[in-house]
Amino acid sequence: MTPTLTTLHTTTPGSKCRFADDVRDFLTQQPRQLPSRYLYDELGSALFEAICRLPWYPLTRAELRLLEAHAREILDAGVTTVIELGAGSGVKLSALIAGAGTGRGPLDLHIVDVSKSALAEASRALEGFENVRLVTHERTYEAGLEEFGHARSVTERRLALFLGSNIGNFDPPGRDVFLRTVRATLNSRDALLLGVDLVKPERELLLAYDDPLGVTAAFNLNLLARINRELQGDFELDGFTHRALWNEKRSRIEMHLRCRRRQRIGIPDADLGFVMAEGEMIWTESSYKYDPPEIVSMLESSGFSVRAQWIDSVDRFALTLAEAV
Ligand code: AVJ
């Protein structure tokens, strides 16, 4: 039996400067904004895990049900290598491996995530499997794919996982570039499994992104708290409120932080100072929602052919399995 081997990569050099540069660049844009990947520091990742357990945020449970129901078809015996982009706590990958059952050869797993604490948790979750080798990449999706893409053996058959509706964070042009980047790390007959949340009634969407317990509000506000912690910022957290909006025209939920009273903000380690007016917003995330045929066409125009699409009709979530052509 091959023992589990864990290779832990170090943090991307200069990642703190990247954060400072991005904070300066994005907060000075009009409208002010922040990249959503910075939501996931240690506390943010824990808050996100809590969101996934909220009754008002059914995405994770719906996706897990679909993964469990179709594990054998997704992780068929020919797959030798799995890469998951944004693996989070690793529960989905674990469910997939457990659901696919035994009687396979050794499996190489690569998990990419910007959150160190998420990678540590995923490593623990995946440790128990025999005949599995795990490599963790503390990287953005793009940098992780780049690192992964190079070393390919001829006998490899790859399965890429992009789950949790993470693709919803991209705007449509960025999404297409990204899908082509994924395609470029695959050979024909390799596969991609995409988990995407579907358009549903506005009332349900707003509850999912503005829950009555205030966990999503805390998740959003933690981004300012993180700037205070890591870049010596002086945001007054009680001067901001969480806002979730459904932008029907663009088919996306937007998260914003609304300034409740005029305040001067200083972020010395990002070399930044500015004034925010009452009512001014910082845009922190977009979560695009799709219809099933749109998912098929975005895949087919990015070098994939769809093999199967499974839909949870209660919570309106889709898993689409596509083959690189
Ligand atoms: C992990 C990016 C898919 O957009 O639904 C949850 C993050 N934001 N609640 C999403 C999130 C607010 C989530 N993604």
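Before any of the text, the structure's been laid out above.
Predicted model, so just to flag it, every value in this text is computed and none were measured.

Asker: Any details on helix H3 (residues 59-69)? Residues and values, ideally.
Answerer: Three or more residues of H3 are buried, namely Leu59, Thr60, Ala62, Glu63, Leu66 and Leu67. The arc enclosing the buried residues of H3, seen along the axis, measures out at 165°, which places them on a common side.

Asker: If you had to explain the sheet that holds strand S12 (residues 281-288) to someone new, which residues and values would you point to?
Answerer: Taken together, four strands build an open sheet; the order of strands is S2-S12-S9-S8 and the sheet is mixed. The open sheet has two free edges, formed respectively by strand S2 (32-33) and strand S8 (240-247), since each of these has just one partner strand. Pairing between S2 and S12: two bridges, direction parallel. The partner of Gln33 across the bridge, within S12, is Trp283. The sheet strands contacting helix H10 (residues 215-231) are S8, strand S9 (252-259) and S12, and the helix crosses S9 at an angle near 60°.

Asker: Kindly report on the nonpolar core, identifying the contributing residues and their values.
Answerer: Counting 70 residues, the largest nonpolar core has Val23, Leu159, Leu193, Phe235, Phe240 and Ile267 as the members making the most contacts within it. Ranked by residues supplied to this core, first place goes to H10 with seven residues. Residues within four places of Phe235 in sequence aside, it is in contact with Leu27, Leu224, Ile227, Asn228, Phe240, Gln263, Ile265, Ile267, Phe274 and Ile282. Residues Ile167, Leu186, Val196 and Tyr288 belong to the second largest nonpolar core, which totals 26 residues.

Asker: Requested: an account of the packing of aromatic side chains, with residues and values cited.
Answerer: What characterises a pair of aromatic rings is the spacing of the ring centres plus the angle enclosed by the ring planes. What the rule picks out here adds up to 12 aromatic pairs. Ring-pair connections join several aromatic residues into one group, and the members of that group are Tyr40, Phe48, Tyr57, Tyr209 and Phe219. Arg158 extends its terminal NZ or CZ atom over the ring of Phe148, reaching a point 3.9 Å from the ring centre. Over the ring of Phe19 we find Arg226, and its NZ or CZ is 4.7 Å from the ring centre.

Asker: Tell me about empty space enclosed by the protein, and please be specific about residues and values.
Answerer: Considering all chains together, one arrives at one cavity of 30 Å³ or more under this definition. In this structure, the largest cavity encloses a volume near 180 Å³. Phe48, Tyr57, Tyr209, Glu285 and Ser287 are the residues nearest the centre of the largest cavity, which is lined by 17 residues in total. When residues of the lining of the largest cavity are traced back to their parent elements, those giving at least two are helix H2 (42-52), helix H9 (202-209), H10 and S12. Classifying every residue of the lining of the largest cavity gives nine nonpolar, six polar and two charged.

Asker: Tell me about helix H8 (residues 172-184), and please be specific about residues and values.
Answerer: End to end, H8 covers 18 Å across 13 residues, agreeing with the expected 18 Å (1.5 Å per residue, within 8%). Capping the start of H8, Asp171 holds a side-chain oxygen 3.0 Å from the backbone nitrogen of Gly174, two or three residues further along.

Asker: An account of unusual backbone geometry is requested, with residue identities and associated values reported.
Answerer: Following Gln30, the chain continues to Pro31 via a peptide bond in cis, the omega torsion being 0°. Following the sequence through the fold, Pro31 ends up in the loop between helix H1 (15-27) and S2. Positive phi values are uncommon outside glycine, yet Asn131 reaches one of about 65°. Tracing the backbone through its elements, the reader meets Asn131 in the loop between helix H6 (116-126) and strand S5 (132-138). Given a relative accessible area of 18%, Asn131 falls into the buried group. Phi is positive for Arg189, which is not a glycine, with a value near 85°.

Calculation rules
- Counting from 1, residues in each chain are numbered in the order their sequence is written.
- Since the coordinates come from a predicted model, pLDDT governs what is reported: local features require at least 70, and pairs of side-chain atoms require 80 or more to be given and counted, while whole-chain, interface and lining totals use all residues.
- With hydrogens and water excluded, all non-hydrogen atoms of the structure serve as input to the side-chain values.
- Relative accessibility decides the category of a residue: with a 1.4 Å probe and only protein chains considered, values under 20% of the type maximum give buried, values over 50% give exposed, and everything between is partly exposed.
- Secondary structure elements are taken from DSSP: a helix is a run of H or I of four residues or more, a strand is a run of E of two residues or more, and numbering for both begins at the N terminus.
- The arc in question is traced by the directions running from the helix axis to the C-beta atoms.
- Pairs of strands are assigned from DSSP output, requiring at least two bridges between the strands.
- In this analysis, two residues are considered to be in contact whenever any of their non-hydrogen atoms come within 4.5 Å of each other.
- Inter-axis angles, ranging from 0 to 180 degrees, are taken between N-to-C directions of lines fitted to C-alpha atoms, where helices are fitted over the stretch in contact.
- Throughout this description, the term nonpolar core refers to a set of buried Ala, Val, Leu, Ile, Met, Phe, Trp, Tyr and Cys residues connected via side-chain atoms within 4.5 Å.
- Any two rings among Phe, Tyr and Trp, with Trp reduced to its six-membered ring, count as a pair given centres within 6.5 Å; such a pair is stacked if its planes are under 30 degrees apart, edge-to-face if over 60, and tilted if neither.
- Counting as a charge over the ring demands two things of the Lys NZ or Arg CZ atom: a distance within 6 Å of the ring centre and an angle within 35 degrees of the ring normal.
- Points on a 1 Å grid, built from protein atoms alone, make a cavity when a 1.4 Å probe fits but cannot get out and make a pocket when they are open with protein on both sides within 12 Å along at least 5 of 7 lines; residues with an atom within 4 Å of a point are the lining residues.
- Grid points are joined across faces, edges and corners, and a volume is the space filled by probe spheres set on the points.
- We call Asp, Glu, Lys and Arg charged. Ala, Val, Leu, Ile, Met, Phe, Trp, Tyr, Cys and Pro are nonpolar, and the rest, Gly among them, are polar.
- By this rule the span expected of a helix is its residue count minus one, scaled by 1.5 Å.
- We define a polar contact as two N or O atoms separated by no more than 3.5 Å, with the added condition that, inside protein, one atom must be a possible hydrogen donor and the other a possible acceptor, whereas residues neighbouring each other in sequence contribute only through side-chain atom pairs.

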